[in-house]
Amino acid sequence: MNCLITIICVLVLFFVIVMIIDCNRFVKREYCCESGKLKREGTFVLLSDLHNKSFGKQNERLFRAIEQEKPDAILIAGDMYTSSAREDNQEIAAFVQRLAERYPVYYGNGNHEQKTRLFPEIFGDRYAVFADRICQAGVRLLVNDKWYLPDYNMEIYGLEVGREYYHKPTKMLMSEAYMEEMLGKADENRYNLLIAHNPEYFDNYAAWGADLTVSGHIHGGLMRLPVLGGVISPRLCLFPHYDGGRFTKAGREMILSRGLGTHTLPIRIFNPGELVVIHLKPKNR
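Rules used throughout
- Residues numbered from 1 in each chain as written.
- Predicted model: local features only at pLDDT ≥ 70, side-chain atom pairs only at ≥ 80, totals over all residues.
- Heavy atoms only, no water.
- Core = buried A, V, L, I, M, F, W, Y, C linked by side-chain atoms within 4.5 Å.
- Buried < 20%, exposed > 50% of the residue type's maximum accessible area, 1.4 Å probe, protein only.
- Helix = DSSP H or I, 4+ residues; strand = E, 2+ residues; numbered from the N terminus.
- Contact = heavy atoms within 4.5 Å.
- Axes fitted to C-alpha atoms, helices over the stretch in contact; angles between N-to-C directions.
- Parallel < 35°, antiparallel > 145°, perpendicular 65-115°, else oblique.
- Left-handed = near helix turned anticlockwise from the far one by under 90°.
- Nonpolar A, V, L, I, M, F, W, Y, C, P; charged D, E, K, R; others polar.
- Patch = residues over 30% accessible without salt bridge, like charges linked within 9 Å, V, L, I, M, F, W, Y side chains within 5 Å.
- Areas by Shrake-Rupley, 256 points an atom, 1.4 Å probe, with all protein chains shown as cover.
- Salt bridge = Lys/Arg side-chain N within 4 Å of Asp/Glu carboxyl O.
- Phe/Tyr/Trp six-rings, centres within 6.5 Å; stacked < 30°, edge-to-face > 60°.
- Lys NZ or Arg CZ within 6 Å of the ring centre and 35° of its normal.
- 1 Å grid on protein atoms, 1.4 Å probe; cavity = no way out; pocket = protein on both sides within 12 Å on 5 of 7 lines; lining within 4 Å.
- Points joined across faces, edges and corners; volume = space filled by probe spheres on them.
- Pairing = 2+ DSSP bridges.
- Polar contact = N/O pair within 3.5 Å; in protein donor to acceptor, adjacent residues only side chain to side chain.
- Arc of directions from axis to C-beta.

(A) Looking closely at the nonpolar core. Membership of the largest hydrophobic core comes to 31 residues, with the highest contact counts inside it found for Leu 47, Leu 62, Ile 66, Ile 74, Met 80, Phe 95 and Tyr 107. Broken down by secondary-structure element, the contributors of at least two residues to this core are strand E2 (42-47), helix H2 (60-69), strand E3 (73-76), helix H3 (90-100), strand E4 (105-107), helix H6 (126-136) and strand E14 (273-282). Per-element accounting of this core gives the leading share, six residues, to H3. Once residues within four sequence positions are removed from consideration, Phe 95 is found in contact with Leu 47, Leu 50, Gln 58, Asn 59, Leu 62, Phe 63, Ile 66 and Met 80.

(B) The arrangement of the packing of H3 against H6 in detail. Running from N to C, H3 and H6 point in directions that differ by 15°, and their axes come no closer than 9 Å. Comparing the axis directions of H3 and H6 gives the class roughly parallel. Considering only the axes of H3 and H6, their crossing is right-handed. For the pair H3 and H6, contact is made by Gln 90, Ile 92, Ala 93, Ala 94, Val 96 and Gln 97 and by Val 129, Phe 130, Arg 133 and Ile 134, respectively. When the residues that make up the contact of H3 with H6 are grouped by side-chain class, the tally is seven nonpolar, two polar and one charged.

(C) Examining a nonpolar patch on the surface more closely. A surface patch of nonpolar side chains, about 420 Å² in accessible area, is lined by Leu 4, Ile 8, Val 12, Val 16 and Ile 20. For Ile 8, the location among the structural elements is in helix H1 (residues 2-23).

(D) Inspection of the pattern of salt bridges at higher detail. As enumerated under the stated definition, the model contains 18 salt bridges in all. Taking the shortest distance from any N to any O, the salt bridge between Arg 252 and Glu 188 comes out at 3.5 Å. Placement of the pair is Arg 252 in strand E13 (residues 252-256) and Glu 188 in the loop between helix H7 (178-183) and strand E8 (191-196), with a sequence separation of 64 residues. With a relative accessible area of 16%, Arg 252 lands in the buried category. Taking relative accessible area as the criterion, Glu 188 reaches 40% and is therefore assigned partly exposed. With its nearest N and O atoms 2.6 Å apart, the salt bridge here joins Arg 258 to Glu 274. Of this pair, Arg 258 sits in the loop between E13 and E14 while Glu 274 sits in strand E14, placing them 16 residues apart in sequence. A cluster of three or more residues bridged by salt bridges with shared partners is formed by Lys 37, Glu 188, Asp 211 and Arg 252.

(E) Main features of the packing of aromatic side chains. Summed over the entire model, instances satisfying the criterion amount to 12 aromatic pairs. Pairing Phe 14 with Phe 15 gives two aromatic rings, centres 5.5 Å apart and planes at 70°, and the pair type is edge-to-face. Under the relative-accessibility criterion, Phe 15 is labelled partly exposed at 29%. Put simply, the rings of Phe 14, Phe 15 and Phe 270 touch in pairs and so form one group of aromatic residues. One cation-aromatic arrangement involves Lys 53 over Phe 55; the distance from NZ or CZ to the ring centre is 5.5 Å.

(F) Representation of the layout of surface pockets in the model. Quantified by volume, the largest pocket comes out at close to 690 Å³. Around the largest pocket sit 29 residues that line it, and His 112, Lys 168, Pro 234, His 263 and Thr 264 are the ones nearest its centre. Among the residues forming the lining of the largest pocket, the class breakdown is eight nonpolar, 13 polar and eight charged.

(G) Region of interest: helix H4 (residues 111-118). Among the residues making up H4, those that are buried are Asn 111, His 112, Glu 113, Gln 114 and Thr 116. In the core, the buried residues of H4 are packed alongside E4, helix H5 (120-123) and H6.

(H) Summary view of the sheet that holds E3. Spatially, the six strands line up as an open sheet ordered E1-E14-E2-E3-E4-E5, and their pairing is mixed. A strand with exactly one partner marks an edge of an open sheet, and here the two such strands are strand E1 (26-35) and strand E5 (140-141).

(I) Representation of the environment of Tyr 201 in the model. Relative to the helices and strands, Tyr 201 resides in the loop between E8 and helix H8 (202-208). The spacing of Tyr 201 and Leu 149 is 52 residues in sequence and 25 Å in space, taken between C-alpha atoms. Residues in contact with Tyr 201, not counting those within four places in the same chain, are Tyr 165, Lys 171, Met 172 and Met 174.

(J) Spatial organisation of the side chain of Asn 59. Mapped onto the elements of the fold, Asn 59 is located in the loop between E2 and H2. At 2.9 Å, the side chain of Asn 59 and the backbone oxygen of Lys 53 are in polar contact. Apart from residues lying up to four places away in sequence, Asn 59 is in contact with Leu 50, Lys 53, Ser 54, Ile 92 and Phe 95.

(K) Spotlight on H2. Buried within H2 we find Leu 62, Phe 63, Ala 65, Ile 66 and Glu 69. End-on view of H2: buried residues confined to an arc of 160°, all on one side of the axis. On its buried face, H2 sits against E1, E2, E3, H3 and E14. Just past H2, the residue Lys 70 takes up positive phi, approximately 50°.

Here it is as structure tokens:
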């Protein structure tokens, strides 16, 4: 019996140590996406689900890691801060502002930014002040909006789905018309890059015309197991199919970041944060 208790204590200590380490580090993941629609190469850094986490003072470690990639632009897939009445978002605003001083930044809201935007009676002017500060710095905040990059022949869209699409535990079905209602019709002659925080609707994004979707939200499933992958999603779905990495559907792709931070439960086990680097290349050129 004493031996069993000792083994349990050692295992608990081991997982606690792994969790502390993984919650305070990040790794780089690189992907290459090719398309005949693209006119030129480009390197894009994807950030998601930072949730007020700071890797060093003023996120210096994260900023230096981004600089080392010499990106052409930054894509933000939402939840850079947490919708908590107790947490401030101005340090994150300062970090995004600092990025915008060096690179073009395209920002799509996650469910936490959306929540602070929709409920000012709870959060006051937190979202308005944050949005104004980063937009003044030059960030393109894309809330069901788009921005065209003619040098790449690329349209960048930012999708903010309704809050019903985040309900737990049942997944809300998305109608075929929904994407077009939110963003209009996709131009098939352009490379359509979609920033969509929730990856569970990748089929809808691909059917609409997104050549590349970048997402977050799932946090890698909190804990990752060999073969099985991520353990649980924010919708309380066990072993979610979309937990992180690259996915394809009918020739269209999604790059799903496992995020950088945590919220509510600070759990990351065998699942460090991710700095995602995407290399876009013209095909057959």
